[in-house]
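Analysis of the macromolecular model
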Amino acid sequence: MQKPLVAGNWKMNGLAASLEQIDLIGAGIDDALRAQVDVMICPPSILVAQAVRKANESSVLIGGQDCHAMASGAHTGDVSAEMLKDAGASAVIVGHSERRADHGETDVVVKAKAEAALRAGLIAIICIGETRAQREAGSTLGIVGSQLAGSVPPGTAGQIVIAYEPVWAIGTGLVPSVADVAEVHAFVRTQLEASHGAEGAKMRILYGGSVKSSNARALMSVPHVNGALVGGASLMAADFLGIVGAYR
Ligand code: 13P
């Protein structure tokens, strides 16, 4: 079975002083919990190297939030997967709905970024999810299926993690029902098995969108939910540890 992953996405939040939270997270995870779940924080890219130095003292993994598809070149302001790897990151989030919406990232772009992550030796955490309008129109599985088909490159279960994040659940306090989460995650598993065979059967599928300590246990016990991608509740160690503790 997959070892679950609980990853925190700090988005555009946090200054150097915030890295203290990584110490506190590390200190809050004992060997028994460490054996149950992988724990990751994805700070803004400017903090990745410092975060890695902090995290080296604990078992917390560090990831980036985005990368360019190219390894280097004339791309002012962008960060490559190779640079994140060089800074000590072990993963990178690609295709977050905020990148898709704010920066016009298409499935083609997201797939190229995921390929860059794999090329650099990073785990690609590939985000998918429907908008409220798409859910209300009954097209959730169609959207999720086309995002999977378009955004996920060939790769192994050790290289690729999928994060299902319904756009309408992000930062809103709204969470799909357990039955709705179960339906989408089972569908994602079936699609991954069709596209990636035995590796697809083992890939971790995270749920993201308003995960809190109060709902983590219920969400994390849904079949084919292999962890969480957490936004707001990852900024403070106490909140985040409450979610990680669902795996205790
Ligand atoms: P929230 O946990 O703040 O809803 O954010 C989820 C998310 O977008 C993680 O990538």
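Since the model is a prediction, treat every value here as computed from it, not as a measurement.

Rules used in this analysis
- Residues numbered from 1 in each chain as written.
- Predicted model: local features only at pLDDT ≥ 70, side-chain atom pairs only at ≥ 80, totals over all residues.
- Heavy atoms only, no water.
- Axes fitted to C-alpha atoms, helices over the stretch in contact; angles between N-to-C directions.
- Helix = DSSP H or I, 4+ residues; strand = E, 2+ residues; numbered from the N terminus.
- Left-handed = near helix turned anticlockwise from the far one by under 90°.
- Contact = heavy atoms within 4.5 Å.
- Nonpolar A, V, L, I, M, F, W, Y, C, P; charged D, E, K, R; others polar.
- Buried < 20%, exposed > 50% of the residue type's maximum accessible area, 1.4 Å probe, protein only.
- Pairing = 2+ DSSP bridges.
- Right-handed = clockwise from strand over helix to strand, strands pointing away.
- 1 Å grid on protein atoms, 1.4 Å probe; cavity = no way out; pocket = protein on both sides within 12 Å on 5 of 7 lines; lining within 4 Å.
- Points joined across faces, edges and corners; volume = space filled by probe spheres on them.

1. What to know about the packing of helix α8 (residues 140–151) against helix α9 (residues 178–202)
Contact pair α8 / α9: the axes reach a minimum separation of 10 Å and the direction vectors enclose 35 degrees. Where α8 crosses over α9, the handedness of that crossing is right-handed. Note on element contacts: α9 touches α8 through Glu-183, Val-184, Phe-187, Val-188, Gln-191 and Leu-192, opposite Thr-140, Leu-141, Val-144, Gly-145 and Leu-148. Classifying every residue of the contact of α8 with α9 gives seven nonpolar, three polar and one charged.

2. Regarding the pairing of strand β6 (residues 160–164)
Remark: a regular strand shows side chains that alternate across the two faces of the sheet. Within β6, five of the five residues are buried, which leaves it mostly tucked inside the rest of the structure. In β6, alternate side chains face the same way, and those of Ile-160, Ile-162 and Tyr-164 on one face and Val-161 and Ala-163 on the other are all buried. Bridging between strand β5 (residues 123–128) and β6 involves five bridges; their strand directions are parallel. Residue pairing for β6: Cys-127 is matched across the bridge by Ala-163. Sheet topology places β6 next to strand β7 (residues 204–208); four bridges connect them, and they run parallel. Counterpart to Tyr-164 in the pairing with β7 is Tyr-207. Following the chain from β6 across α9 to the adjacent parallel β7, one finds a crossover that is right-handed.

3. Here we look at the layout of surface pockets
Reported here for the largest pocket is a volume of approximately 500 Å³. If you trace the largest pocket, you find 18 residues lining it, with Ser-45, Gln-65, Asp-66, Arg-99 and His-103 closest to the centre. Examining the composition of the lining of the largest pocket, we find that three residues originate from one element, helix α5 (residues 97–102), more than from any other. Of the residues in the lining of the largest pocket, the class split is five nonpolar, seven polar and six charged. Size it by volume and the second largest pocket reaches roughly 150 Å³. In terms of lining residues, the second largest pocket is bounded by 18 residues, among which Lys-11, Gly-171, Ser-210, Gly-231 and Gly-232 are the most central. Of the residues that constitute the lining of the second largest pocket, the class distribution is five nonpolar, 10 polar and three charged.

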